[in-house]
Amino acid sequence: MNPALGRYNRGLPLSPPGHGQTATNMSDLLSSLNPEQRAAVTLPPQHALILAGAGSGKTRVLTTRIAWLVSTGQTAPHGILAVTFTNKAAREMRARLSAMLPADLGNPARGMWIGTFHGLCNRLLRAHHREAGLPATFQILDSADQISAIKRLLKNLGVDEERFPPRELAGFVNAHKEQGIRAGEAEAYDDYTRRRAELYAEYDAQCQREGVADFAELLLRAHELLCRNEPLRRHYQERFRHILVDEFQDTNRLQYQWLKLLAGRGGGQFPEHGACIFAVGDDDQSIYAFRGAEIGNLRNFEREFEVANVIRLEQNYRSHGNILDAANALIRNNRGRLGKNLWTEAGAGEPIRVFEGFSDDDEARFVVDEARELIRAGVSRRQLALLYRSNAQSRILEYHLLKAGMPYRVYGGLRFFDRQEVRHALAYLRLIANPDDDTAFLRVVNFPARGIGGRSIEALQEAAHRVHSSLYNAAAGLSGRAAAVVGNFVRLIETLRRETAGLPLPEVIGQLIEKSGLRAHYLAEKEGGDRLENLDELINAATSFSSDEGMAPNDPGADPLASFLAHASLEAGEHQAGESEDAVQLMTVHAAKGLEFDAVFITGLEQGLFPHENSAADKQGLEEERRLMYVAMTRARERLYLSHAQTRLLHGQTRYSLPSLFLEELPGELLRPVGGRAARAAEAPFASQDPAGQECAERAGGLRIGQNVRHARFGLGVIVAAEGQGGDTRVQVNFGAQGMKWLALEYAKLTAA
DNA sequence: GACTAGCGTCTGTGG
DNA sequence: GACGCTAGTC
């Protein structure tokens with residue numbers, strides 16, 4: 001028994017209810033783990049870092065650790081804080097825990113805090129909104145809301161959007177908040193940045209006035225709350241004995257500070273109250289640097305918390321050997337890894353199949369054909385994943401799946417809560433909850449159209465500016481036509497609020513859809529059918545939300561309306577129908593993290609797409625893309641397909657690209673080209689669509705559009721266009737990283753490659 | 001003030 | 001190829 005244990009046992013029953021029963025379960029659970037996993041689960045209550053490779057049983061270790069801590073009486077459920085990055089991961093953890101622990105201990109509603117950083121901070125801020133300086137009904141701005149709030153701000157201040165693009169400004173604000181930096185503390189060495197910092201301050205002031213908080217604000221505000229409020233900080237530091245963090249490599253600086261503070265390491269305050277942090281992560285799977293994640297936090301954590309226990313989980317239970325070997329070979333090209341090599345007891349398995357299509361259409365056809373074969377061979381549809389780098393790529397795959405009559409399900413993309421009609425309905429709901437929410441106000445003040453045009457809005461904004469109030473409150477101070485039409489709208493909201501007070505949430509939404517005129521509007525619209533269905537689906541979502549007490553992010557007794565709105569902002573995806581249906585799974589590589597499938601297709605493996613051109617420029621960006629590829633490959637259990645296309649429709653234009661450099665980084669002996677590329681290329685030479693290319697092919701000795709060529713200085717490239725005749729023939733060649741060049745055939749010595 | 005056509009922008013990933 | 005924004009018309 002660890003001597004430190006006594007300290008953590010304070011005030012807890014030594015033998016919690018159900019102890020005997022779970023102890024049996026516990027030993028079963030423990031004996032089903034491998035030695036490293038078991039060591040991790042049963043570590044003494046000290047800070048620990050578990051470097052868990054893909055498919056090494058990370059979630060299992062995390063949840064078993066919690067079950068072990070609770071069922072051995074080292075802490076009450078109350079003392080557990082578990083943080084994840086996605087709602088999906090949080091849900092899975094809850095589900096596994098309730099299966100492992102008896103109902104009275106395993107029910108997360110009984111005091112365990114399990115959730116995403118954003119969800120937990122939201123919960124904290126709701127519970128202590130006064131101390132945090134927020135209204136009880138504060139609303140959460142998602143990224144789209146944030147952009148429109150910034151646009152409105154710039155307009156009000158008369159700032160030129162060209163000089164300060166709203167998206168860029170949003171990025172500036174978020175990046176600073178993620179570093180824990182307020183506008184006043186932002187470093188600015190030039191006028192431009194100084195101005196941006198001023199706008200950051202103005203934006204925050206606007207949010208404060210309107211009672212709204214963006215995503216990053218949730219974290220920053222929660223951090224500041226705990227920093228400033230000593231009794232509160234003490235309360236939570238004493239409460240949470242064990243903080244478990246999933247995907248630690250994805251934490252940004254602010255999240256790390258937040259953890260440090262809760263664990264009693266915030267600048268050395270109250271170390272005696274400190275919780276133990278059990279961090280699980282994999283530096284090779286860090287794919288969120290773009291939103292501020294710092295892999296360095298893994299190392300910082302190890303150093304700053306003097307972590308004595310670092311355990312590596314390297315045995316992979318998921319993939320066959322070839323897949324793992326290929327993934328290992330790929331990731332070895334990254335520098336500065338913490339070091340880890342996955343191995344498996346499963347056999348080598350199938351080779352990795354590589355397909356080169358003439359076009360994205362060709363590629364999609366191959367993928368769907370192959371998927372059909374696999375299904376025929378007995379693979380279930382839901383065990384087939386079609387992965388891509390960006391959401392835009394799903395379209396062509398969907399087209400071919402549809403044509404083949406194969407059920408499929410797309411994750412991500414346009415999310416349910418992002419749909420126009422749903423956002424409109426939610427805006428009404430937000431106004432009922434918080435009339436000061438100007439973003440919501442402007443969204444629906446004239447939707448459906450009710451005669452409130454630009455002039456009235458301008459008058460209203462002036463009035464609001466004069467008396468420093470929200471648009472809603474300023475309505476009373478208007479005169480003339482504006483007063484009449486805006487007054488009608490305000491009365492509509494008032495009526496809604498009055499008549500729906502105390503009603504169950506689904507009924508509130510049902511009424512607002514009717515009385516706002518939304519339903520009538522979409523009924524009259526030619527293609528409003530889908531939108532009406534989505535509005536009904538929103539009512540369903542509210543129904544299942546209300547009945548799902550355990551999932552409510554807030555403490556019991558909290559305003560259900562506010563909780564639902566928070567839920568809609570924080571859990572924008574996931575709420576899609578057909579989850580149970582046996583369908584082929586389509587998603588981005590990012591969305592696939594943490595999942596596994598019997599067969600995986602990684603599509604669009606082309607320079608500029610994967611790795612993406614926005615990242616390929618600098619080395620860090622490229623390494624993140626490589627980790628992304630690593631994540632994608634390690635999703636596969638038995639079969640892995642890699643495909644790319646010579647041409648692809650992008651922005652409505654045909655684009656020619658080279659195969660991804662990641663394909664070259666895989667050991668050739670593990671790969672098998674399929675689809676008879678060589679044979680097909682011989683019988684159907686490329687360059688069919690472009691007559692100029694065809695001519696060029698005839699005249700230029702076999703060179704044609706789509707042809708891979710080599711240039712003495714620029715290296716390998718692909719011909720994308722041709723013009724001119726005879727000795728004047730010029731071709732445009734895409735040399736990947738070297739850029740796009742126009743070359744005269746006569747002088748540039750291009751050789752077929 | 002409502003509605004429409006045409007234009008430009010951009011799809012890089014998520015809470 | 002989709003959406004948002006603007007200018008022009010009713």
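Keep in mind it's a predicted model, so treat the numbers as computed, not measured. (Residues numbered from 1 in each chain as written. Chains lettered and ligands numbered in written order. Predicted model: local features only at pLDDT ≥ 70, side-chain atom pairs only at ≥ 80, totals over all residues. Heavy atoms only, no water.)

Draft legend 1. Spatial organisation of the overall build of chain A. Across its full length, chain A carries 33 helices and 21 strands. Looking at chain A as a whole, 55% of its 753 residues qualify as buried. Once local pairs closer than 6 in sequence are excluded, the contacts in chain A between residues at least 24 apart make up 75%. (Helix = DSSP H or I, 4+ residues; strand = E, 2+ residues; numbered from the N terminus. Buried < 20%, exposed > 50% of the residue type's maximum accessible area, 1.4 Å probe, protein only. Contact = heavy atoms within 4.5 Å.)

Draft legend 2. Main features of the sheet that holds strand β2 (residues 80-84). Spatial strand order, β3-β2-β6-β7-β1-β8: 6 strands in an open sheet with parallel pairing. Here the strands that pair on one side only, and so sit at the sheet edges, are β3 (113-116) and β8 (309-313). Each neighbouring strand pair of the sheet contributes to a mean axis angle of 15°, computed without reference to strand direction. Summarising the sheet, β2 and β3 pair through 4 bridges and their orientation is parallel. Paired with L81 across the strands is W113, a residue of β3. (Pairing = 2+ DSSP bridges. Axes fitted to C-alpha atoms, helices over the stretch in contact; angles between N-to-C directions.)

Draft legend 3. Examining the packing of aromatic side chains more closely. Within the structure shown, the criterion is met by 21 aromatic pairs. Following the ring pairs from residue to residue traces out a cluster consisting of F248, Y256, F301 and F305. Sitting over the ring of F138, R126 keeps its end group 3.7 Å from the ring centre. Taking the ring centre of Y288 as reference, the NZ or CZ of R291 above it sits at 3.9 Å. (Phe/Tyr/Trp six-rings, centres within 6.5 Å; stacked < 30°, edge-to-face > 60°. Lys NZ or Arg CZ within 6 Å of the ring centre and 35° of its normal.)

Draft legend 4. Region of the structure containing the protein's contact with DNA strand B. The full set close to DNA strand B counts 31 residues, and R167, R389, N391, H590 and S615 are the nearest of them. Take the atoms of DNA strand B that sit within 4 Å of the protein: sugar and phosphate atoms are 50% of them. Here a phosphate oxygen of DNA strand B sits 3.2 Å away from a polar atom, N or O, in the side chain of N446. Side-chain polar atom of H590 to a base oxygen of DNA strand B: 3.1 Å apart, as the coordinates give it. (Near = heavy atom within 4 Å. Polar contact = N/O pair within 3.5 Å; in protein donor to acceptor, adjacent residues only side chain to side chain.)

Draft legend 5. Structural context of the pairing of strand β9 (residues 352-359). Of all 8 residues making up β9, 8 are buried, and the element is well covered by its neighbours. Bridging between β9 and strand β16 (residues 671-674) involves 4 bridges; their strand directions are parallel. Along β16, the bridge assignment pairs R353 with R672. Where β9 lies against strand β14 (residues 636-650), 6 bridges are found, and the strand directions are parallel. Directly across from F355, in β14, lies its bridge partner S643.

Draft legend 6. Fine view of the pattern of salt bridges. Applying the stated criterion across every chain, the model contains 47 salt bridges. A salt bridge links R96 to E92, with the nearest nitrogen and oxygen atoms 2.6 Å apart. With R96 and E92 both in helix α5 (residues 87-100) and 4 residues apart, the pair spans about one turn of that helix. Since its relative accessible area comes to 33%, E92 is described here as partly exposed. A salt bridge links R648 to E606; the shortest N-O distance between them is 2.7 Å. You can see R648 sitting in strand β14 and its partner E606 sitting in the loop between β13 (597-602) and α29 (613-616), a full 42 residues away along the chain. Of the two residues examined, R648 and E606, each falls in the buried class. Here the salt bridges share partners, and the residues they tie into one network are K177, R182, D204, D214, E217, R221 and E224. (Salt bridge = Lys/Arg side-chain N within 4 Å of Asp/Glu carboxyl O.)

Draft legend 7. Local environment of the packing of helix α23 (residues 480-500) against helix α24 (residues 505-515). Two numbers describe how α23 lies on α24: the axes approach to 10 Å, and their chain directions differ by 150°. Between α23 and α24, the crossing angle belongs to the class labelled roughly antiparallel. The two elements α23 and α24 meet at a crossing, and its hand is right-handed. Contact with α23, carried on its side by L492, L496, E499 and T500, involves V508, Q511, L512 and K515 of α24 and no other residues of that element. Residues that form the contact of α23 with α24 fall into these classes: 4 nonpolar, 2 polar and 2 charged. (Parallel < 35°, antiparallel > 145°, perpendicular 65-115°, else oblique. Left-handed = near helix turned anticlockwise from the far one by under 90°. Nonpolar A, V, L, I, M, F, W, Y, C, P; charged D, E, K, R; others polar.)

Draft legend 8. Summary view of unusual backbone geometry. In this structure, the amide linkage connecting F447 to the following residue, P448, adopts the cis form with an omega of -5°. Take P448: it is sitting in the loop between α20 (438-444) and α21 (454-467). Each neighbour pair has its own omega, and for F610 with P611 the value is 10°, a cis peptide bond. Backbone geometry at E306 places phi at a positive 45°, although glycine is not the residue there. Looking at E306, the relative accessible area reads 65%, which means it is exposed. Unlike most non-glycine residues, H468 shows phi in positive territory, near 50°. Tracing the backbone through its elements, the reader meets H468 in the loop between α21 and α22 (471-474).

Draft legend 9. Fine view of the pairing of β8. Of the two faces of β8, only the one carrying N309, I311 and L313 is buried; V310 and R312 on the other face are not. Where strand β1 (residues 48-52) lies against β8, 5 bridges are found, and the strand directions are parallel. Counterpart to L49 in the pairing with β8 is V310.

Draft legend 10. Molecular detail of the side chain of H176. Along the chain, H176 turns up in helix α10 (residues 166-178). For H176, a relative accessible area of 15% corresponds to the buried category. In this view, H176 contacts I181, A186 and Y200; residues no more than four positions away in its chain are not counted.

Draft legend 11. Main features of α10. With 13 residues, α10 extends 18 Å from end C-alpha to end C-alpha; this agrees with the ideal 18 Å at 1.5 Å per step. P166, L169, A170, F172, V173, H176, K177 and E178 are the residues of α10 that are buried. Tucked into the core, α10 has its buried residues touching α9 (143-157), α11 (191-210), β5 (212-214), α12 (215-228) and α14 (253-262). Downstream of α10 by a residue or two, G180 has a phi angle that is positive, lying close to 80°. (Expected span 1.5 Å × (residues − 1).)

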